Structures are given as C-alpha cells and as structure tokens.
Amino acid sequence: MRQSLYMIPTLRDVPADAEIASHQLMLRAGLIRQTASGIYSYLPLGKRVLKKVEEIVREEMDATGAQEVLMPAIQPAELWEESGRLQAYGPELMRLKDRHDRDFVLGATHEEVITSLVRDDVKSYKKLPINLYQIQTKFRDERRPRFGVLRSREFIMKDAYSFDTTKEGLDASYQAMYDAYNRIFTRCGLDFRAVEADSGAIGGTDTHEFMVLTEVGEDTIAYSDSSSFAANIEIAPVNVTYRKEKESPQEIEKVGTPNTKTIDEVSSFFSVDKRKIIKSLLFMGDEPVLVLVRGDHELNEIKVKNSLGGAVVQLASAEEIKSVMKCESGYIGPIKTDGIRIIADHAVKAIVNGICGANEEGYHFTQVNPDRDFTVEGYFDLRNIQEGDPSPDGKGTIKFARGIEVGHVFKLGTKYSDALGASFLDENGKTQTMIMGCYGIGVSRTVAAIVEQRHDENGLVWPAEVSPFDIHLIGINMKDEEQSQLSERLYTDLKQLGYDVLFDDRTERAGVKFKDSDLIGIPVRIGVGKKAAEQIVEVKLRSTGEMIEVAVADLPQKLVELVRERK
Ligand code: ATP
Ligand code: MG
C-alpha cells in the first residue's frame with residue numbers, strides 16, 4: 001500500500017477528550033474516528049488490525065469445531081419477550097419500530113436468536129453437541145461510553161453458543177472454549193489472566209472472564225500472592241472469621257451529631273476507628289431491604305443480590321430513603337425501623353459497642369450491639385474482598401490488579417432453552433432440554449486492549465500477528481533518484497515475497513516520516529536512504545529500537561528471521 005494515497009490521518013497532538021493511552025493513540029495513529037458518542041468508524045489502518053484479530057478468533061474457533069454463522073443485528077422484540085429479557089435488560093437495549101409499528105431491538109447479544117434457530121432446526125441427540133459462533137456488530141446503549149472502542153455503544157463481538165445433551169458435555173464444550181480463548185489472547189500478544197466471575201443466578205465457578213492486565217482496566221481482580229486463585233472482586237468470596245471484641249456491652253446512647261453523615265465524618269466526630277461503625281444502605285426491590293456492613297468495608301451489590309436469592313434490587317435514591325426511613329440518608333440505621341428487612345455482613349455480628357445512624361436527622365446511636373439492639377434476618381458475605389485479606393482458597397494473601405475484560409465464557413445451563421423451548425429427543429425417544437453455554441470476545445475492545453498494553457512514548461508497538469502491515473518501507477528522500485528507484489523496486493519485491501508492505505512514498509521530510517512510522521508502530525521498518533547507491537538499507541525493529549544495516553541481497557533472508565514466518 002502506498003502511503004501517499006492511503007488514508008492515515010495521523011495527529012501530532014493528543015486529542016483533548018481522550019483520557020487513556022489506547023484511545024489517544026488509536027485517534028493519533030489514524031485507526032478510528034468518532035462518529036457519535038460511543039460510536040466509531042474504523043479507518044483503513046484500524047480495519048486491518050480488526051481483521052487480523054478477527055482472523056485469529058476465527059481460526060481458533062474453527063479449530064474447536066465451532067461453526068460460523070451470521071445472525072441479524074435487528075431482532076424481533078417478541079423473542080426477547082419470550083426469554084423474559086425485554087424488560088430485564090433495561091435501557092442498554094436499543095429499541096426501534098418498523099414502518100408497521102412492530103417492535104424490534106438492536107442485538108446486544110444473541111442468546112434469543114440462536115436458541116430459536118437451534119430449537120427449530122436441531123431435534124435429535126444425533127446432531128448434538130453443536131457450537132455456533134458469529135463475528136458481528138453489537139449494540140448497547142451504555143450509560144457511560146468511554147475510552148474509545150473500549151466501551152462503546154456499537155462494537156464488534158465474537159459470540160459463540162454451545163448446545164449439549166448432558167452437563168458433562170457442557171463442561172467439555174466450556175473447556176474447549178476456555179482453551180481456545182487462551183490461545184487467542186496469547187496470539188494477540190496480550191498479558192492476560194482468566195479469572196472467576198459473577199455468574200448471576202447460576203452460581204458456582206461456572207464462568208470466567210479473560211482480563212487484560214493494565215492500570216486503566218475498569219475491573220478489579222483479586223488474586224492470591226501464593227496460589228492460582230484469581231477472581232473479579234465482584235464475586236471473590238471473603239473467607240474471614242471475625243472474633244467478637246473483648247469489651248463488655250454498654251448501654252445504648254443517642255448522641256447529637258449535627259452535619260455528621262459520612263463514615264469519615266462519624267469516625268472523626270467520635271474519634272473512633274471505622275471498624276466500630278455500622279454502615280447502613282437501603283436497597284429497593286419488591287420490598288425495601290436495609291443492608292449493613294462495617295464502616296471500613298465496601299459493600300458488594302452482586303453479593304447483596306445473590307444473598308436475596310437473585311432478587312432485582314438497587315440502591316435507593318435519596319427520595320426513596322426519605323420516604324421509607326423517614327430520615328435523610330446520612331442518619332439511617334437498623335434500630336427502630338418499623339419491621340424493614342435487615343441483612344448484614346458477617347463482620348457486623350462481631351461489633352461490640354458500635355455506632356449507627358438513629359433514623360433521626362442529626363443523631364447517631366453509640367454503644368450499639370447487634371442482635372441485642374436490632375434483629376438481623378441473616379448474616380452473609382456482603383462486602384468486597386480487600387487487599388491483605390486471606391485468599392479464599394486458604395493459600396496466601398489477597399492482592400489487587402486492574403483488568404480490561406476482553407472475553408467471557410459462561411455456562412448458561414437451560415435458562416434460554418427452557419424459556420424458548422429448545423429440546424431434543426434422546427436415545428430413548430424422550431424429550432430433553434438442551435444445555436447451553438455462551439462465549440463472548442470483544443473483538444474491537446481487544447484491539448484497544450492490545451494498544452493499551454503495547455505502546456511506548458512514541459506510539460504503537462504492534463505484536464507481529466495483529467500488526468496492520470508486516471513491513472513499513474520508507475523511501476527516506478523520494479526526490480533522490482537512487483533512493484526512489486531502490487524503494488520502488490523493494491516495494492514490488494517484498495510484496496512478491498508475500499509481505500504486507502506499507503510503502504511511505506511521500507515526499508515528506510525524513511523526520512516526519514520516522515515520527516509517523518513510530519506512531520503507526522509496524523514491527524519492522526526498512527529505511528532506504530543515503531546508502532541506496534551501495535545497495536544497503538537500514539532495518540529497524542519497532543519494539544527494541546535496534547537498527548542494523550543490511551545489504552539488499554541479504555534482505556529476504558534477514559526478513560525471514562525478523563518477520564513472523566509466512567504461512
Ligand atoms: P462489561 O462488564 O465490560 O460491560 P459485559 O459483561 O457486559 O462487559 P458480555 O456481555 O460478557 O460483556 O460481552 C462479551 C464481551 O463483549 C465482553 O467480554 C467485552 O469484551 C465485550 N464488550 C461488552 N460490552 C462492550 C462495550 N460496550 N464496548 C466494547 N466491548 C464490549
Ligand atoms: Mg456490560
């Protein structure tokens with residue numbers, strides 16, 4: 001490809017609204033442009049990388065025996081009604097009507113469509129197991145689209161769905177995907193880790209997220225410093241035995257605490273450790289539930305939901321708190337609550353002479369003792385694990401890392417096959433429900449994650465397998481007859497050898513060309529410069545900066561060593 005005609009609108013300056021390196025660099029290197037908030041166009045260079053990642057995904061999926069399909073982005077709303085998700089998915093689901101006023105949605109995911117397809121066309125155990133996948137555009141009206149294509153509203157996903165006759169079959173299908181994902185992300189040159197994740201109502205460790213480890217990741221991973229334990233903090237269980245403090249319970253007291261609402265304020269008002277404070281949070285669902293955690297702990301909403309049997313609950317708004325508790329949020333507590341359900345984290349049970357809101361503006365109770373002063377329906381694990389906690393597997397201590405979720409493998413069970421009636425006839429002619437798994441990879445997010453991990457102060461540093469081109473050939477001074485001729489000849493020869501070559505044939509200054517080349521980040525750069533007359537070129541490796549002079553005659557051999565083996 002000749003750079004003079006190629007659309008790579010590189011930018012010198014860092015775009016003001018791009019917060020993280022990958023977003024900045026994808027804009028600066030001319031890979032993407034924003035069309036609307038969270039909606040992007042891929043320019044030629046970006047599209048090439050996307051294609052490379054898609055190809056890796058496709059090869060590895062095909063190698064497992066999965067079959068590629070393509071489902072529609074526009075889906076009838078009735079299908080989502082059938083699965084019960086039309087309401088449950090909420091405002092992230094983009095909805096539209098056709099000219100006949102029929103309701104449709106833009107696919108955020110494809111469980112409904114695939115299950116209905118398999119339901120209608122696969123009837124016998126003889127046709128199972130089957131795993132179908134597609135690489136396709138997804139739509140999610142994210143509350144906070146950000147970081148470029150890392151969290152966008154339209155993005156490219158590989159989604160696969162497995163259908164099995166037995167639970168053991170599902171385990172095998174799941175393992176095959178898990179292994180394929182490891183190969184895919186390794187080939188993408190990523191430093192990643194598979195971690196246990198939230199499986200919602202299904203429970204257990206039947207789901208893993210593939211996390212690319214980087215500071216800017218939106219997820220927090222809790223891992224053990226001395227075992228293989230790693231989980232999203234959303235689900236990492238806390239395995240701590242709390243011992244009741246050894247002081248004797250005192251009489252409860254109501255104390256005036258004007259303008260003392262937050263845990264920090266209460267802690268400094270009373271000069272006590274936050275461990276003494278009982279933090280109360282109100283959740284709304286079918287009925288209000290008051291949830292208690294220790295002042296120094298962070299509440300985990302997923303654990304709250306799971307402890308309530310997968311109920312749909314969310315933190316109450318300021319107005320809801322006022323109307324339920326008859327008091328402002330900073331002063332609510334578990335005492336005198338008019339029979340509201342109360343659940344608490346295990347740590348709360350061990351508090352002696354603690355402090356909590358008095359359900360009266362400007363007051364707190366002190367010398368509060370759980371089970372004496374208020375009744376708790378049940379004690380559960382409701383807090384986030386913290387650094388320094390013992391690892392839940394009993395081996396070592398918890399540390400934190402940040403990660404970007406690029407993939408997700410999930411044992412669905414019969415949730416969708418039950419709802420949509422996907423069944424098969426077994427060997428005995430008996431009708432049984434198919435057992436499903438689903439497996440997603442954020443293809444466009446993976447591109448951004450690669451950039452996030454593989455760049456330096458000068459620009460992108462592509463791993464060879466996903467680089468938009470194999471070689472960046474630069475005619476350093478195209479006005480010089482010898483340089484121009486040799487670079488033109490090399491351009492033809494290198495293409496003939498099967499390499500993808502970006503040829504900088506522009507008549508720009510050398511400095512500009514090198515800067516752009518570093519920014520674009522193709523692994524191998526060949527500079528045709530002053531020694532063109534002697535048939536010598538400069539070969540520079542983007543990743544190390546190492547530069548060597550190579551005689552043109554030796555170039556093919558040298559490139560075999562430097563560029564990954566051609567297929
Ligand atoms: P997240 O927690 O980041 O919102 P998710 O749990 O909603 O992700 P899944 O429904 O499991 O994601 O989708 C499968 C994959 O699609 C994710 O692992 C991620 O790589 C990608 N993905 C999800 N949402 C987005 C988005 N808004 N933009 C880009 N990629 C996304
Ligand atoms: Mg999401």
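Residues numbered from 1 in each chain as written. Chains lettered and ligands numbered in written order. Predicted model: local features only at pLDDT ≥ 70, side-chain atom pairs only at ≥ 80, totals over all residues. Heavy atoms only, no water.

J.: Lay out the packing of helix 2 (residues 44–63) against helix 12 (residues 443–453) in plain terms, naming residues and giving numbers.
T.: Where helix 2 meets helix 12, the axes come as close as 9 Å, and the angle between the chain directions of the two elements is 110°. Classified by the angle between their axes, helix 2 and helix 12 sit roughly perpendicular to one another. Like other packed secondary-structure pairs, helix 2 and helix 12 cross with a definite hand, here right-handed. Here Val49, Leu50, Val53 and Glu54 of helix 2 come into contact with helix 12, specifically with Val443, Ser444, Thr446, Val447 and Ile450. (Axes fitted to C-alpha atoms, helices over the stretch in contact; angles between N-to-C directions. Helix = DSSP H or I, 4+ residues; strand = E, 2+ residues; numbered from the N terminus. Parallel < 35°, antiparallel > 145°, perpendicular 65-115°, else oblique. Left-handed = near helix turned anticlockwise from the far one by under 90°. Contact = heavy atoms within 4.5 Å.)

J.: Explain the environment of Val313 residue by residue, including any values.
T.: Looking at where Val313 falls in the secondary structure, it is placed in the loop between helix 8 (301–307) and strand 16 (314–315). C-alpha of Val313 to C-alpha of Gly285: the two residues are 28 residues apart in sequence and 4.3 Å apart in space. Setting aside chain neighbours within four positions, we find Val313 in contact with Phe283, Met284, Gly285, Val304, Lys305 and Leu308.

J.: Account for the packing of aromatic side chains, with residues named and values stated.
T.: The tally for this structure, following the rule as stated, stands at 11 aromatic pairs. When the centroid spacing of 5.5 Å and the interplanar angle of 85° are considered together, the rings of Trp80 and Tyr89 count as edge-to-face. Like Trp80, the residue Tyr89 is buried in the burial classification. Aromatic side chains Phe269 and Phe270 sit 5.0 Å apart centroid to centroid with 70° between the ring planes, which places their arrangement in the edge-to-face category. Accessibility expressed as a relative area gives 40% for Phe269, which makes it partly exposed. (Phe/Tyr/Trp six-rings, centres within 6.5 Å; stacked < 30°, edge-to-face > 60°. Buried < 20%, exposed > 50% of the residue type's maximum accessible area, 1.4 Å probe, protein only.)

J.: Quick rundown of helix 13 (residues 481–496)? Include the residues and the values.
T.: Taking 1.5 Å of rise per residue, the 16 residues of helix 13 would be expected to cover 22 Å, and the 23 Å separating its terminal C-alpha atoms lies within 8% of that figure. Among the residues making up helix 13, those that are buried are Gln483, Ser484, Leu486, Ser487, Leu490, Tyr491 and Leu494. Down the axis of helix 13, the smallest arc covering the buried residues is 165°, so these residues share one side. Residues of helix 13 that are exposed and point over 90 degrees away from its buried face: Glu481, Gln485 and Gln496. Considering only its buried residues, helix 13 is in contact with strand 27 (471–475), strand 28 (501–504), strand 29 (524–528), strand 30 (536–541) and helix 15 (555–562). With a side-chain oxygen positioned 3.0 Å from the backbone nitrogen of Glu482, the residue opening helix 13 is Asp480. (Expected span 1.5 Å × (residues − 1). Arc of directions from axis to C-beta. Polar contact = N/O pair within 3.5 Å; in protein donor to acceptor, adjacent residues only side chain to side chain.)

J.: Break down the nonpolar core for me, with residues and values.
T.: Within the largest apolar cluster, 58 residues are counted, with the highest numbers of intra-cluster contacts made by Phe185 and Trp462. Structurally, this core is a two-domain feature, drawing no fewer than three residues from each of domain 1 (68–237 + 399–450) and domain 3 (469–566). Core analysis: the next-biggest nonpolar cluster, separate from the first, contains 27 residues, Trp80, Val105, Leu132 and Cys438 among them. (Core = buried A, V, L, I, M, F, W, Y, C linked by side-chain atoms within 4.5 Å. Domains from an automatic or database assignment.)

J.: Run through unusual backbone geometry, naming residues and quoting values.
T.: Note: most peptide bonds trans; most residues except glycine with negative phi. The amide bond that connects Leu128 to the next residue, Pro129, takes the cis arrangement and shows omega of 5°. Relative to the helices and strands, Pro129 is located in the loop between helix 5 (111–121) and strand 7 (130–139). We note that Lys336 has phi near 55°; this positive angle belongs to a residue other than glycine. Inspection of the secondary structure puts Lys336 in the loop between helix 9 (318–325) and strand 17 (341–345). Even without being a glycine, Asn359 presents a positive backbone phi close to 55°. Of the residues examined, Asn359 reaches a relative accessible area of 13% and is grouped as buried.

J.: If you had to explain the site of ligand 1 to someone new, which residues and values would you point to?
T.: Close contacts around ligand 1 come from 14 residues, with Glu142, Arg151, Ser152, Glu405 and His408 the closest. In the model, a nitrogen atom of ligand 1 is placed 3.5 Å from a nitrogen or oxygen of the Leu150 main chain. His408 is positioned such that a nitrogen or oxygen atom in its side chain is 2.9 Å from an oxygen atom of ligand 1. Starting from 580 Å² of accessible surface for ligand 1 in isolation, the protein chains cover 82%. Here the shell around ligand 1 is composed, by residue class, of five nonpolar, four polar and five charged. (Near = heavy atom within 4 Å. Areas by Shrake-Rupley, 256 points an atom, 1.4 Å probe, with all protein chains shown as cover. Nonpolar A, V, L, I, M, F, W, Y, C, P; charged D, E, K, R; others polar.)

J.: How would you sum up the side chain of His23? Please name residues and give values.
T.: Checked against the element boundaries, His23 lands in helix 1 (residues 21–28). Since its relative accessible area comes to 6%, His23 is described here as buried. The contact partners of His23, leaving out residues within four places of it in the chain, are Asp17, Ala18, Tyr40, Phe147 and Gly148.

J.: Just give me the short version of the environment of Arg85, but keep the residues and values in it.
T.: Tracing the backbone through its elements, the reader meets Arg85 in helix 4 (residues 85–88). C-alpha of Arg85 to C-alpha of Glu68: the two residues are 17 residues apart in sequence and 25 Å apart in space. Apart from the residues within four sequence positions on either side, Arg85 is in contact with Trp80, Thr109, Glu111, Glu112 and Tyr416. There is a polar contact of 2.9 Å between the side chain of Arg85 and the side chain of Glu111.

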